[in-house]
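Here is what each chain is made of, one letter per residue.
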Amino acid sequence: MSERNMKIIFMIVYLLALFQIAEAKSIKSKPAMISVVSEASCTQTLSVGANLTNAVSSAANNSIICLNSGKYGSVNFSNIARTGFVTIRSVTGTTAQMSPQIINSDFIRLESMTLQDPLIQNCSTNIQIVNNTWVENTSGISIYDHSFNCGNSDKKILIDGNKFINTRPAWSEGKIGLVGVSGVTIRNNLIQGQSANTGGDGIQSGGSVNNITIGPGNIFRNIRQGPCDSSPGVPHCDSIQIVSDGTNWNIIGNWFDDVEVVLQHHDGATPVKFTHNLVTNAVQFWAYGTQSNNVVIEHNTLYNYGLVFWGVNGSGVTTSTGQSIRSNILIGGSAPNICTGCTASYN
C-alpha cells in the first residue's frame, strides 16, 4: 500500500475516533461527580511541617488549603467525617508532594499536586483526585474497601485528569487497583509506560467491584509486556484486567494506544460495556469464558490490531453467551474471533 493511501486511512480512522470519543463525552456525568479546576483563592496557605490532618478536619466546607512547595511525606487522613468538600492543592503548579492515606474519611479533594503511593480505604466517600502528577517509579493508587463491610452504595470516588507515567502497581498488578469498592469514576487520565523492573496493568480489579466508569478521555499508552517479563512474578501487563465479580461496568470513550492487551476479561464475572473507544496498535483483546457472558462491545474503532477473542478462547472454542458485538470499525487486522450464537452485526 502506498504511503499516500496509508495517510488517508489513518486520517479516516482518526476522524472516526474523534467522533466516537466526542459522542462518549456527550454523556452527562452525575452532578455529584462534576469536577472543575479550583480557581477560587486560598482559604489558608500552609508549609511543610504543618498539621494537615487537623487543617482538613477543621476546615469549613468549600475551603481551599494551599500548600507551599516541598515534600510533605505520608499524611494520614483518617476518620474525618466531613459534609462538604475541602480542597488541598499546590500554591503553584504541582510543587507540593505528598503520599496521602485517606481512610474512612469523606469529602476530600486533592488537586494539582505531585503524589506517590496514595491509598483510599475503608468506606471513604466523595474523594476526588484531580489533575495531579505521580512520582515515577512509585505506586499508582489503590482504592480498597474489601473486608470493611462498606456495602454497595455509591462511594462517589473520582480519579480525573491525572498523569500516571511509569508508575508501579499499587495493588496486585494494577497501577490503579479497585478492590471491593462500589462507585468509582476514572476519566481523562494518562496511564503510560512501566516502572523499571516493576511493571503491571493499567487498572486491575479484585473482590466484588460495582458501579465503575472508566472514561471518557483516558489514554492508555505503551503498556507493554516486555518490561513485565523482568518484573517479579512476571505479570501479564494489560491496560485493564478484570479479576473481580461485579455489575455496572462501563468502559467508554478511551484511547488504547501501543498496548499489549486492551482488555483481559476472563477471570471475574462482570458484564462489561465496552463502547466508543479507540484502539490503535494493540496486540491482543480478550473477553471470553462464562465470566464475560453478556458483555457489550459496540461503536469502537480498532486500527492495526492483533489477536481479538470475543466470547472465544485461545483454542477457538465458544465459551461465552449473550455478547453483543455491533457497529465496530475494524481496520488493519484479521477478523475477530466471535462466539457462536452471540449477536454480531454492522461490524
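What you see is a predicted model, and the numbers here were worked out from it, not measured in a lab.

Caption draft 1: Region of interest: the overall build of the protein chain. Within the protein chain, the regular secondary structure consists of two helices and 33 strands. When burial is assessed residue by residue, the protein chain has 53% of its 347 residues classed as buried. When contacts within the protein chain are restricted to residue pairs at least 6 apart in sequence, long-range pairs at least 24 apart make up 61% of them. Carbon and sulfur atoms form 52% of the exposed surface of the protein chain, whose accessible area is close to 14000 Å².

Caption draft 2: Region of the structure containing the packing of aromatic side chains. Evaluated as defined, the whole model comprises nine aromatic pairs. Ring plane angle 80° and centroid distance 5.2 Å describe the contact between Phe-85 and Phe-107, whose orientation is recorded as edge-to-face. With Phe-85 in the loop between strand E3 (70-78) and strand E4 (86-90) and Phe-107 in strand E6 (residues 106-111), this pair connects stretches of sequence that are 22 residues apart. Considered together, Phe-85 and Phe-107 belong to a single accessibility category, that of buried residues. Summarising the aromatic geometry, the rings of Trp-286 and Tyr-288 are spaced 5.7 Å apart at their centres and angled 65° between planes, so their arrangement reads as edge-to-face. Each member of the pair Trp-286 and Tyr-288 is classed as buried. Sitting over the ring of Trp-255, Arg-221 keeps its end group 4.9 Å from the ring centre.

Caption draft 3: Spatial organisation of the side chain of Asp-238. For Asp-238, the position within the fold is in the loop between strand E19 (219-221) and strand E20 (240-242). Summary of buried charges: Asp-238 has no salt-bridge partner, and the nearest side chain of opposite charge, Arg-224, is 11 Å away. Other than its neighbours up to four places away in sequence, Asp-238 contacts Gly-200, Asp-201, Gly-202, Ile-223, Val-261 and Gln-264.

Calculation notes
- Residues numbered from 1 in each chain as written.
- Predicted model: local features only at pLDDT ≥ 70, side-chain atom pairs only at ≥ 80, totals over all residues.
- Heavy atoms only, no water.
- Helix = DSSP H or I, 4+ residues; strand = E, 2+ residues; numbered from the N terminus.
- Buried < 20%, exposed > 50% of the residue type's maximum accessible area, 1.4 Å probe, protein only.
- Contact = heavy atoms within 4.5 Å.
- Areas by Shrake-Rupley, 256 points an atom, 1.4 Å probe, with all protein chains shown as cover.
- Phe/Tyr/Trp six-rings, centres within 6.5 Å; stacked < 30°, edge-to-face > 60°.
- Lys NZ or Arg CZ within 6 Å of the ring centre and 35° of its normal.
- Lys, Arg positive; Asp, Glu negative; His and termini not counted.
- Salt bridge = Lys/Arg side-chain N within 4 Å of Asp/Glu carboxyl O.

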